[in-house]
Amino acid sequence: MTPRPHRIAIAPSGFKESLSAARVAEAIATGVRRVIPDADLDLIPLVDGGEGTAEALALAGGGRLVPVTATGPVGDPVTSHFALLGGGTTPGPLTAVVEMAAVAGLALVPPDRRHPGATTTYGVGELIRAALDAGARRILVGCGDSGTSDGGAGALQALGARLTDRHGRELRPGGGALHELEHIDPSGLDPRLADAELLVACNPYNVLCGKRGVARVFGPQKGATPAEVELLSAGLERLAAVLTRDLAPAFGATALDLRTAPGTGASGGLGAGLASVGARLLPRYDVLLDGLDLDARLARADFVITAEGALDHQTVRGKIPAEVARRAQAAGVPVLVLAGTIGPGAQDVRAVGVDAYSAILPAPMTLVEAIGRSGEFLADASERAMRIMALGTRLAPVAPLAA
């Protein structure tokens, strides 16, 4: 009897500022086929709410991307988009997917302007208004890959709220001004928000304030100095207090602790800002993986390969490889992670079901070169991993050492 082909599920995230999840999956598949040409490959590119989310959900749900020019994170106009799903003969309300990274992502912040005290989520509010203009009454906001730390203040301003200091002056953009916040006037907010269902797909590990607050965890990655981190933290504390006093009561959102509730720190605190106007903060994979039948597809595989740009201590805190490994482990399927870089804490992924992990870079090189050749390196790393596995299956069992 001819043995059936190996079933391999390839379920990666995208590589930030480099490759989409779909292109990562294709590169891995290329490497696998060099060694196992007849492998039965199931490509399952996954998104976490960050870059590529709107496009991926549009493709999966038969939707379309709607181009929009909006305010970027440093205040300049950027070409952005949101996705429209449903409508026509599809039952239910017209749904829009707003990907915050498409208008306020770190990739849109030039390296010499990465000052999270000044970047804004104003464009996110503009996309939400554009989605409402298009007839959407269910809006899913994907959080991830943000270049901002303004607690969603900019988005609220774009939606019509007035954030003022003690002199009644409108706050300037960015989280660096939030410590001056005195009052929020909700009277100008878009009235359509009251009739819309606003959902935020976020990492529940991210909270707004406290020792693990978003400014302290992610501020340095976005360019904040230690002093700026403390200023941002103080500003977000102030924002949470004023949102709770002035805005949340108007939307019946007083039961949620905007400082520490799961997901309030998503995308530099955008989660808290949107929650204050009635948005529901939902674990991102409960929302974004709906309809993919991921558990069953992983269970059918003999082996799973996942991937992300950086494997480190944050991976186990809600990143795609950890989610894939947790689900595959439940089905008893082994998992390999391929990563652009491996940092401190990477070994923690073994606790969530990762059997092995490997970096894809063949030699030291500049970040620019690594990003430009990441597809090539992924294919080569996948080939190496498959050849090592093939060699392992040919070795005779090793006898135990004598006592």
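The present account deals with the structure reproduced in this document. (Residues numbered from 1 in each chain as written. Predicted model: local features only at pLDDT ≥ 70, side-chain atom pairs only at ≥ 80, totals over all residues. Heavy atoms only, no water.)

### Regarding the environment of Leu294
Right, on to step 1. Mapped onto the secondary structure, Leu294 falls in helix H10 (residues 294-299).
Right, on to step 2. When its relative accessible area of 3% is taken as the criterion, Leu294 is described as buried.
Right, on to step 3. For the pair formed by Leu294 and Leu46, sequence separation is 248 residues and the distance between their alpha carbons is 9.8 Å.
Right, on to step 4. Those residues within four positions of Leu294 in sequence are excluded, and the remaining contacts are Ile44, Leu46, Leu289 and Arg327. (Helix = DSSP H or I, 4+ residues; strand = E, 2+ residues; numbered from the N terminus. Buried < 20%, exposed > 50% of the residue type's maximum accessible area, 1.4 Å probe, protein only. Contact = heavy atoms within 4.5 Å.)

### Considering the pairing of strand E6 (residues 138-142)
Right, on to step 1. Within E6, four of the five residues are buried, leaving the element largely enclosed by the surrounding structure.
Right, on to step 2. Here E6 pairs with strand E9 (residues 197-202) via five bridges, running parallel. Of the residues in E9, the one forming a bridge with Ile139 is Leu198. (Pairing = 2+ DSSP bridges.)

### Description of unusual backbone geometry
Right, on to step 1. Backbone geometry at Asp145 places phi at a positive 60°, although glycine is not the residue there.
Right, on to step 2. On the secondary structure map, Asp145 appears in the loop between E6 and helix H5 (153-158).
Right, on to step 3. One non-glycine residue with positive phi stands out, namely Asp293, at about 55°.
Right, on to step 4. Of note, Asp293 is situated in the loop between helix H9 (284-288) and H10.
Right, on to step 5. Look at Asp293 and you get partly exposed, because its relative accessible area is 49%.

### What to know about helix H13 (residues 374-394)
Right, on to step 1. The first and last C-alpha atoms of H13 sit 31 Å apart over 21 residues, in line with the 30 Å expected at 1.5 Å per residue.
Right, on to step 2. The complete set of buried residues in H13 reads Ser374, Phe377, Leu378, Ala379, Ala381, Ser382, Glu383, Ala385 and Met386.
Right, on to step 3. In this structure, the buried residues of H13 make contact with strand E1 (7-10), helix H1 (21-35), strand E11 (303-311), strand E12 (335-342) and helix H12 (367-372). (Expected span 1.5 Å × (residues − 1).)

### Here's the deal with the pattern of salt bridges
Right, on to step 1. Inspection of the entire model under this criterion finds 25 salt bridges.
Right, on to step 2. The residue Asp42 makes a salt bridge to Arg297 at a minimum N-O spacing of 2.7 Å. Of this pair, Asp42 sits in strand E2 (residues 40-43) while Arg297 sits in helix H10; the two residues are 255 residues apart in sequence, bridging distant segments of the chain.
Right, on to step 3. Overall, Asp42 belongs to the partly exposed group, its relative accessible area being 23%.
Right, on to step 4. Among the residues examined, Arg297 registers a relative accessible area of 18% and is labelled buried.
Right, on to step 5. Between Arg245 and Asp246 there is a salt bridge whose closest N-O contact spans 2.6 Å.
Right, on to step 6. Assessed through its relative accessible area of 45%, Arg245 is described here as partly exposed.
Right, on to step 7. Overlapping salt bridges, with partners in common, bring together Lys16, Asp48, Asp145 and Arg284 in one network. (Salt bridge = Lys/Arg side-chain N within 4 Å of Asp/Glu carboxyl O.)

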